[in-house]
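# Coordinate analysis (summary)
These are the residues of each chain, in order.
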Amino acid sequence: VSETERLCYVGHNFGSEVMRCNSLCRYFVGVLDKNSGQMEVYNAEIFNMQPLLSGQGSGFLKNGKNRFYPAELFFVPESRRRIQKIRLAHAPRAGFATCGCSNVCFCLVQMDLCIEAFGTSKQKRALSSRRMNAVGNDIVSTAVTKAAANVIDAKGVTALMQDMAQDDVQNISAFLPPCHEDADRPEHVYKFEDILSPAEYEALRVPAAALASITAEEIAKRVEERSHCSFVLEELKFLPADERSRDHKVRCLWFLDTLIKFSHLKVIKKKHPMGPECPHIISRKLMKNFTSLTYNNGSIQNLISASMKAKITAYVIALALHINNFQTDLTILQNDMKLQESRILDIAKALRLRVSKAKGGPGLENDENHKLGTLSLPLPVQKAPEGQRKRKKMN
């Protein structure tokens, strides 16, 4: 038995663990006397020393031929099934086949000792990093737990739940048109100028002119071709006779149709994604206000993310309210924008609309209950979106 500062070593000269050497050979050790120049020879035995890990026995592994090779120790973590080897000093190389994890299991403390004694530089660095991280995680966990307990004691669970609900409302409100809560009329809550500036509104005169003179036959043809969204096609059937009101409505319808078509895009690759007939000031508005920049394949691209689509939906609903005297069919807009009902209802409620059920209009699935959004004063109190309220209760 030999011993170092860190580990004990044991060698065997009997039993199954003895080295399988040639029994016909004899081994000697020569001791040279430097002064006399003579060597004395002594009988000797060969022992293969193995580290003795307390409570685990020696670290022997079997290969496919049931032979024991003490040259290397193996550790197989349960989580990764990845073999990590620690090569012992002065040990011969040998091929290995691992046995089951249940048969080769060393406790982490003992394995760390092996890594400190015989591990490679990379393993030692990983051990040091793991130990530092373990200490850091413990400190952070303790600090977070203590801070959370202090906040709960100071504000109470009810107040914290209200704060979370308010945060949800604020997150979605960042993508809504400016809301004037102190307005005295519904049309002043979401001002038309915040949706379309005077210059943008004037630029819509030319492309929307074709809609102002559209006939019933042309509407029927466009319904078959689906060249416009369902909301616009339905509203085109009921254009006002007054020329000024008619011109105003078709401009709004043209821009709303453009917004909905724009929301169906994913990545904007063209300079004019809505075609050459779209005014430059409108194209610039779409790219600036309703896309987010992303870096891909070495270039910057305009992307319509989920948050940008929510913003487009909010502006579409606000514009539809102005078109339809501040009451609009949310189900039609939901189908046009290819959204889930819960999503458009969350945005409608964030816009402070009152949602009710109503029958669909003529030719629009009368047997289905449509959701009707109405903007009226006083505005209802803001609530957290449906999809965000289902949180686990804090203990």
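Residues numbered from 1 in each chain as written. Predicted model: local features only at pLDDT ≥ 70, side-chain atom pairs only at ≥ 80, totals over all residues. Heavy atoms only, no water.

Turning our eyes to something else, we now look at a nonpolar patch on the surface. Taken together, the side chains of Phe28, Leu32, Met39 and Val41 make up a nonpolar region of the molecular surface, amounting to roughly 420 Å² of accessible area. At the level of elements, β3 (27-32) and β4 (39-44) are the ones that each hand at least two residues to the nonpolar patch. Examined against the element boundaries, Val41 turns out to sit in strand β4. (Patch = residues over 30% accessible without salt bridge, like charges linked within 9 Å, V, L, I, M, F, W, Y side chains within 5 Å. Areas by Shrake-Rupley, 256 points an atom, 1.4 Å probe, with all protein chains shown as cover. Salt bridge = Lys/Arg side-chain N within 4 Å of Asp/Glu carboxyl O. Helix = DSSP H or I, 4+ residues; strand = E, 2+ residues; numbered from the N terminus.)

Time to look at helix α12 (residues 330-337). Among the eight residues of α12, seven are classified as buried, and the element is accordingly described as predominantly covered. What α12 keeps buried is the set Leu330, Thr331, Ile332, Leu333, Gln334, Asp336 and Met337. Two or three places before Thr331, at the start of α12, stands the capping residue Asp329, its side-chain oxygen 3.0 Å from that residue's backbone nitrogen. Downstream of α12 by one or two residues, Lys338 has phi in the positive range, about 60°. (Buried < 20%, exposed > 50% of the residue type's maximum accessible area, 1.4 Å probe, protein only. Polar contact = N/O pair within 3.5 Å; in protein donor to acceptor, adjacent residues only side chain to side chain.)

Moving on, we come to unusual backbone geometry. The linkage connecting Leu377 with the following residue, Pro378, adopts the cis geometry, with an omega of -5°. Mapped onto the elements of the fold, Pro378 is located in the loop between β16 (369-374) and α14 (386-389). The residue Arg226 is not glycine, and still its phi comes out positive at about 55°. Mapped onto the elements, Arg226 comes out in the loop between α7 (216-225) and α8 (230-236). Residue Arg226 is classed as exposed on the basis of its relative accessible area, which comes to 72%.

Spatially, three strands are ordered β11-β13-β12 in an open sheet, and the strand pairing comes out antiparallel. Only two strands of the sheet have a single partner each, and these edge strands are β11 (267-268) and β12 (292-296). Relative to strand β13 (residues 299-303), β11 runs antiparallel, the two sharing two bridges. Within the sheet, the bridge partner assigned to Ile268 lies in β13 and is Asn302. (Pairing = 2+ DSSP bridges.)

Mean pLDDT over the protein chain works out to 75, with 68% of the residues at or above the 70 mark. Note on residues 55-106: pLDDT under 50 across the span, and 83 contacts to partners over four residues away in sequence or across chains. (pLDDT = per-residue confidence, 0-100. Contact = heavy atoms within 4.5 Å.)

Direction vectors running N to C along helix α11 (residues 306-323) and α12 enclose 140°, while the axes themselves pass 11 Å from each other. When the axis of α11 is compared with that of α12, the two are oblique. When you trace α11 past α12, the crossing you get is right-handed. Contact residues: Lys309, Ile312, Thr313, Val316, Ile317 and Ala320 in α11; Leu330, Leu333 and Met337 in α12. In terms of residue class, the contact of α11 with α12 is made up of seven nonpolar, one polar and one charged. (Axes fitted to C-alpha atoms, helices over the stretch in contact; angles between N-to-C directions. Parallel < 35°, antiparallel > 145°, perpendicular 65-115°, else oblique. Left-handed = near helix turned anticlockwise from the far one by under 90°. Nonpolar A, V, L, I, M, F, W, Y, C, P; charged D, E, K, R; others polar.)

Right, let's talk about the side chain of Thr331 for a bit. Its location among the elements puts Thr331 in helix α12. Assessed through its relative accessible area of 2%, Thr331 is described here as buried. From its side chain, Thr331 meets the backbone nitrogen of Lys371 in a polar contact 2.8 Å long.

Let us now look at the packing of aromatic side chains. When we look at a pair of aromatic rings, we describe it by the centre distance and by the angle of the planes. Applying the stated criterion across every chain, the model contains two aromatic pairs. For the ring pair Phe192 and Tyr201, a centre distance of 5.7 Å and an interplane angle of 85° mean the geometry is edge-to-face. For Phe192, a relative accessible area of 14% puts it in the buried group. Judged by centre distance (5.3 Å) and plane angle (85°), the rings of Phe290 and Tyr315 are edge-to-face. Of this pair, Phe290 sits in the loop between α10 (280-289) and β12 while Tyr315 sits in helix α11, and the two are 25 residues apart along the sequence. For Phe290, a relative accessible area of 1% translates into the label buried. Among the residues examined, Tyr315 registers a relative accessible area of 10% and is labelled buried. Here Arg251 stacks its cationic end above the ring of Tyr201, 4.6 Å away from the centre of that ring. Between the NZ or CZ atom of Lys311 and the centre of the ring of Phe290, over which it lies, the distance is 5.6 Å. (Phe/Tyr/Trp six-rings, centres within 6.5 Å; stacked < 30°, edge-to-face > 60°. Lys NZ or Arg CZ within 6 Å of the ring centre and 35° of its normal.)

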